[in-house]
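Letter by letter, the chains look like this.
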Amino acid sequence: MGEATVKTLEGRTATPPPIVDEERPASTPAPSGRARSPRRPRLWFEILLIAVSYWTYSLIRNAVPEQKSAALSNADWIWDVERSLGLAFEQSVNHAMNSVSWLIVSMNYYYATLHFIVTIGVLVWLYRGHPGRYAAARLVLFATTAVALVGYYLYPLAPPRLMNGQDFIDTVLVHHTWGSMASGNLKNMSNQYAAMPSMHIGWSLWCGLIIFALASAPWAKILGVLYPVATLVVIVATANHFWLDAVGGMICLAFGFAVSYAWCRALPHQLPRQVDRPDREARLLPRITAGR
């Protein structure tokens, strides 16, 4: 259809301006120094990326040499530091929780499952409900996990349950549960001396912060705060980590946020929730509406 014309008072004809869809303005590239314009994530690519990334993480983590003597020596040093600070409470928590069978068994399963279930659940929630923030939040998680691998290599550390001369209880073995890949029949499939930093804390704190920042329901925000706190109790109660391992996980997460901020020029919650139409589609929109 050709362009419409209208007759003016003087008898002349004029071409009206093109009609622009004001409800969906064209997106423009972010100027230098401002947040990058997020792109819509592709489902197949995200599934493949997460699967390959976790496989690579597991491969590298378990390929780190199990330096038993160094790991046990480092565990003794960590324990001495905590005692000098008056904060060596892991053994007391371990024994207290172990005395309540149903509670400690629940914690064993919590340790084995929620680490993955909740993290994947938050990624799916972001992908579906906050596509504009998904890539930045995912980058935080990936950078956090990548720097943790450096920690496993440079600082082998035995968990409390494997220490020599200390009365820690391996709750998985005592209660015959499959609460850890590092105990029982599955122990040969996992690096026994990769306790520092704790990615149970790194990932759970990532989940908690993302939920607290982006969820609208107050109860969801409360759960976001409680999740990493409960995880800290679990990793200590099951004698899988020192509390200082949790500090290491927090430091790795801070690094992950710094990498994401440097790349996206904004924190995940500061980015738009939705993704604008691609630039090409936005440029074509005025032409399409003008020809109607």
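Refer to the structure above for everything that follows.
Residues numbered from 1 in each chain as written. Predicted model: local features only at pLDDT ≥ 70, side-chain atom pairs only at ≥ 80, totals over all residues. Heavy atoms only, no water.

Undergrad: Tell me about the environment of A258, residues and numbers included.
TA: Tracing the backbone shows A258 in helix α9 (residues 243–264). Once the C-alpha coordinates of A258 and V140 are considered, the two residues, 118 residues apart in sequence, prove to be 8.0 Å apart. (Helix = DSSP H or I, 4+ residues; strand = E, 2+ residues; numbered from the N terminus.)

Undergrad: I'd love a proper account of the packing of aromatic side chains, names of residues and values included.
TA: The description of an aromatic ring pair rests on the distance of the ring centres and on the angle between the ring planes. Inspection of the entire model under this criterion finds six aromatic pairs. Judged by centre distance (6.3 Å) and plane angle (40 degrees), the ring pair of W79 and F242 falls under tilted. Taken as a pair, W79 in helix α2 (residues 68–84) and F242 in the loop between α8 (218–237) and α9 lie far apart in primary sequence, 163 residues in all. Assessed through its relative accessible area of 0%, F242 is described here as buried. Both rings, one in F89 and one in W243, keep their centres 6.5 Å apart while their planes meet at 15 degrees; by these two values the pair is stacked. Here F89 is found in the loop between α2 and α3 (90–98), whereas its partner W243 is found in helix α9, with 154 residues between them in sequence. Classification of F89 by relative accessible area gives partly exposed; the value is 37%. Connected via pairs of aromatic rings, a cluster forms that spans W79, F168 and F242. R138 extends its terminal NZ or CZ atom over the ring of F142, reaching a point 5.9 Å from the ring centre. Here the basic side chain of K221 rests over the ring of F212, its NZ or CZ set 5.1 Å away from the ring centre. (Phe/Tyr/Trp six-rings, centres within 6.5 Å; stacked < 30°, edge-to-face > 60°. Buried < 20%, exposed > 50% of the residue type's maximum accessible area, 1.4 Å probe, protein only. Lys NZ or Arg CZ within 6 Å of the ring centre and 35° of its normal.)

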